[in-house]
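Fold and contact review
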Amino acid sequence: MATLLETIHSPADLRRLARGQLPQLADELRAFVLDSVSRTGGHLSSNLGTVELTIALHYVYNTPEDRLVWDVGHQTYPHKILTGRRERMPTLRQLGGLSGFPRRDESEYDTFGTAHSSTSISAALGMAVAAKQKGEDRKSVAIIGDGAMTAGMAFEALNNAGVADSDLLVILNDNDMSISPPVGALNRYLAQLMSGQFYSAAKNVGKNVLKVAPPLFELAKRLEEQAKGMVVPATLFEKFGFNYIGPIDGHDLDSLVPTLENIRQLKGPQFLHVVTKKGQGYKLAEADPVAYHGPGKFDPKVGLTAPATPPKKTFTQVFGQWLCDMAARDERLVGITPAMREGSGLVEFEKRFPARYFDVGIAEQHALTFAAGLACEGLKPVVAIYSTFLQRAYDQLIHDVALQKLPMVLALDRAGLVGADGATHAGAYDIAFLRCIPNVSVACPADENECRQLLTTAFGQDHTVAVRYPRGAGVGVETQPGLEPLPFGKGEVRRRRAAGQGGIAILAFGTLLHPSLQAAGKLDATVANMRWAKPLDTALLLELAQSHEALVTVEEGCVMGGAGSAVLEALQAAGIVKPVLQLGLPDVFIEHGDPAKLLSLQGLDAAGIESSVRDRFGELASRGTPSLKVVG
Ligand SMILES: Cc1ncc(C[n+]2csc(CCOP(=O)(O)OP(=O)(O)O)c2C)c(N)n1
Ligand SMILES: CC(=O)[C@@H](O)[C@H](O)COP(=O)(O)O
Ligand SMILES: [Mg+2]
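The following paragraphs examine the structure supplied in this document. Here the structure is a predicted model, which is why all the values come from computation and not from measurement.

Reading guide: rules and limits
Residues numbered from 1 in each chain as written. Chains lettered and ligands numbered in written order. Predicted model: local features only at pLDDT ≥ 70, side-chain atom pairs only at ≥ 80, totals over all residues. Heavy atoms only, no water. Near = heavy atom within 4 Å. Polar contact = N/O pair within 3.5 Å; in protein donor to acceptor, adjacent residues only side chain to side chain. Areas by Shrake-Rupley, 256 points an atom, 1.4 Å probe, with all protein chains shown as cover. Nonpolar A, V, L, I, M, F, W, Y, C, P; charged D, E, K, R; others polar. Domains from an automatic or database assignment. Donors = N, O, S within 2.8 Å, 3.2 Å for Na, K, Ca; no water. Buried < 20%, exposed > 50% of the residue type's maximum accessible area, 1.4 Å probe, protein only. Helix = DSSP H or I, 4+ residues; strand = E, 2+ residues; numbered from the N terminus. Pairing = 2+ DSSP bridges. Right-handed = clockwise from strand over helix to strand, strands pointing away. Contact = heavy atoms within 4.5 Å. Axes fitted to C-alpha atoms, helices over the stretch in contact; angles between N-to-C directions. Core = buried A, V, L, I, M, F, W, Y, C linked by side-chain atoms within 4.5 Å. Phe/Tyr/Trp six-rings, centres within 6.5 Å; stacked < 30°, edge-to-face > 60°. Lys, Arg positive; Asp, Glu negative; His and termini not counted. Salt bridge = Lys/Arg side-chain N within 4 Å of Asp/Glu carboxyl O.

**Some details on the site of ligand 1**
Taken together, 21 residues lie near ligand 1, and His 74, Ala 115, Gly 147, Lys 278 and Glu 364 sit nearest. At 2.7 Å from an oxygen atom of ligand 1 is found a main-chain nitrogen or oxygen belonging to Gly 147. Met 177 places a main-chain nitrogen or oxygen 2.9 Å from an oxygen atom of ligand 1. Across the complex, the protein chains shield 97% of the 590 Å² of accessible surface that ligand 1 would expose by itself. Residue classes in the shell around ligand 1 are distributed as 9 nonpolar, 8 polar and 4 charged. Formed jointly, the shell around ligand 1 draws a minimum of three residues from each of two domains, domain 1 (4-221 + 237-287) and domain 2 (315-468).

Now the structure itself:
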């Protein structure tokens, strides 16, 4: 006997159901999400929390003509399952498989690509205004979480939407959680609103009763506004020009469906506050929504368990340990994270140094300029931020930090390809967008120990230094306990060519040193661990250029403007003409998949590096004697 869920191949099928069937569908959908994500890994607790809301939205709104824009977008597995992608869920976040986020090129129901937080209101407003301009009778809905609502961009959009001539609905999915517990005044404010729950329940009943008699409804609305004025001050969202409705139970379909049906008839900007539980329906996730925010594969009957063999230390853990060790040595150190405490490795630091730990919420722009203010007063900020999320604070980095030559450490986790999260989260551009800024240096550690040492080097500088390191496990190099720095701006030769003069020198930046060393063994090439994309170790570079016939640069970052470009600029500045092969990420977005597989596909594993060198430099790569005149 097919389950109800198995009969749903599109929202049109869903809308043919009787309202009384929706709770059963919700149970089946929740069970499917839990089973599927436990097999593939992915975002779980936020998806369990949006099952009823997703059903109600596709039931009431005429999707895809009515537009749904999901923020952050990690909670759209129920949406994908109900919009014809149920059978593809086993491919989630795998090469060639479903994305973990909404993608316009994946489905017409994915009206806007998200994954970086707090973009939904802006995008949905654009769609709503476009519908008005084009005279189209379609609705636009932004669904944004309480965490995502802490970003400035969300308020920029509210400020505009509240007075725009458009029929936009903003749904705040308030589960009182970000990835970790939410922070800031907004969270406290939302708690106040939720404490007024009884008021809104009565109000919504009023709406239901009066919904059939518009004039009366309007009269009641005016009375309600007055009543609000007397009984409950206007909400923040009403101050922005929205008609605020809620808070209502985001798991109660008998509340969600009629409320959404009412709201869909209303003109002007609407704001619906729904209250949900992150992890709803799976006790282990309800109890620990942080652990189940983005789990790997697990047995739902058992829950998350420690791996049989302890995993290799991650760069994130190396950073977290360094942060605590350096904080113990230097009381001026303060640690800042824009809502990524666990992901960036600051859990221990918060426990040990609570007064020096700052989670600023999903507010990267604020994080950088807040750090600048701290630095002005002689404190030593360490901003722990994913490479991709630093993109959001680019102007603050230039204008508020570098221009004033304020010193701080940018601990750039997830530099390079990240794997399952795909193109939206790749840290592909930081070398290129950082090295062009005056008063900013960029360090590229090759292993865990260098990461620790270069963090210490960075911490001792009088300007901002970014230390970039990849997601996940290190290369297996033990970290030394001390806090010894490496020399600023200096690289080293790691392998000399056996055949002496001539041949090829590979200049590696970061962890791709290791496949470069493997390839060099086959090529009999020299290998340098350059360590710094800025400042470049030009003395080392020129020595290698003068003693080799050709150079190869290797980096896990975009070729355009990356470390290899820095090498070309330095050779040109020195008047040296030399064949250079630049290896790195191409001028395309790299999709989700297994990180090692993705690197191999980009020719950035040992075999790929060797093959690229042979393709470019032909026999030079295989003989001992120079074939090109050694110039320079
Ligand atoms: C610009 C940006 N910063 C940080 C993140 C990382 N991130 C992804 S989801 C999330 C928490 C979102 O909280 P909320 O909006 O309340 O959604 P919930 O997980 O509670 O459903 C964060 C910080 C991101 N995706 N984008
Ligand atoms: C949705 C989002 O942006 C975060 O949950 C992100 O997926 C975390 O990435 P990591 O898994 O690399 O910490
Ligand atoms: Mg939340």
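Next comes the rest of the write-up.
**Topic: the coordination of the magnesium ion (ligand 3)**
For the magnesium ion (ligand 3), the full set of protein donor atoms is Asp 146 (OD), Asn 175 (OD1) and Met 177 (O), at a range of 2.0 to 2.2 Å. On the primary sequence, the residues serving as donors to the magnesium ion (ligand 3) are separated as D-x28-N-x1-M. On the accessibility criterion, Asn 175 (12% relative accessible area) is buried. Assessed through its relative accessible area of 14%, Met 177 is described here as buried.

**Some details on the pairing of strand β10 (residues 440-443)**
Across a regular strand the side chains alternate sides, sitting on one face of the sheet and then on the other. On β10, burial covers both faces: Val 440 and Val 442 on one face and Ser 441 and Ala 443 on the other are all buried. Taken together, the 4 bridges between β10 and strand β11 (residues 464-468) define a ladder with parallel strand orientation. Residue pairing across strands places Ser 441 opposite Val 465, the latter belonging to β11. Crossover handedness for the path β10 to helix α21 (residues 448-459) to β11: right-handed. In terms of strand pairing, β10 meets strand β15 (residues 532-534) through 2 bridges, oriented antiparallel. Each bridged residue has a counterpart across the sheet, and for Val 442 the counterpart in β15 is Lys 534.

**Observations concerning helix α5 (residues 77-85)**
Burial analysis of α5 places 8 of its 9 residues in the buried class, the great majority of the element. Among the residues making up α5, those that are buried are Tyr 77, Pro 78, His 79, Lys 80, Ile 81, Leu 82, Thr 83 and Arg 85. Contacts made by the buried residues of α5 are with α1 (11-15), α2 (22-40), α3 (45-48), α4 (51-60) and β1 (67-70).

**Looking at the sheet that holds strand β12 (residues 492-495)**
Taken in spatial order, the 5 strands make up an open sheet running β12-β14-β13-β16-β17, and their pairing is mixed. Edge positions in the sheet fall to β12 and β17 (580-585), since each has one partner strand and no second. Geometrically, the sheet is characterised by an average inter-axis angle of 25° between neighbouring strands, direction not taken into account. Two strands pair when backbone bridges link them, and strand β16 (residues 550-558) and β17 are joined in this way by 5 bridges, in the parallel orientation. Looking at β17, one finds that Val 552 is bridged to Leu 581.

**Here's the deal with the nonpolar core**
The biggest cluster of nonpolar side chains holds 51 residues, and the ones touching the most others in it are Leu 368, Leu 390, Leu 410, Leu 434, Leu 507 and Leu 551. The leading source of residues in this core is helix α17 (residues 364-376), at 6 residues. Summarising the domain contributions, this core has at least three residues from each of domain 2 (315-468) and domain 3 (493-623). Discounting chain neighbours no more than four positions away, the residues touching Leu 368 are Val 383, Ile 385, Leu 390, Ala 393, Gln 396, Leu 397, Val 401, Met 408 and Leu 410.

**Here we look at the packing of aromatic side chains**
Under the definition given, this model contains 18 aromatic pairs. Each ring, one from Phe 319 and one from Tyr 469, has its centre 6.3 Å from the other, and the planes form 25°; the classification is stacked. Placement of the pair is Phe 319 in helix α14 (residues 315-329) and Tyr 469 in the loop between β11 and β12, with a sequence separation of 150 residues. In this structure, Phe 319 and Tyr 469 share a single accessibility class: buried. Pairing Tyr 386 with Phe 389 gives two aromatic rings, centres 5.4 Å apart and planes at 10°, and the pair type is stacked. Like Phe 389, Tyr 386 is buried. Chaining the aromatic ring pairs together yields one cluster made of Tyr 189, Phe 237, Phe 242, Tyr 244 and Phe 271.

**Notes on the side chain of Glu 448**
Examined against the element boundaries, Glu 448 turns out to sit in helix α21. Buried and unpaired, Glu 448 has no salt bridge, with Lys 312 as the nearest side chain of opposite charge at 6.3 Å. At a separation of 3.1 Å, a polar atom in the side chain of Glu 448 contacts the main-chain amide nitrogen of Val 475. In terms of polar contacts, Glu 448 uses its side chain to reach the backbone amide nitrogen of Gly 476, at 2.7 Å. Setting aside residues no more than four positions away along its own chain, Glu 448 makes contact with Lys 313, Phe 315, Val 318, Gly 474, Val 475, Gly 476, Val 477 and Thr 479.

By themselves, these observations are geometric and do not establish any function.
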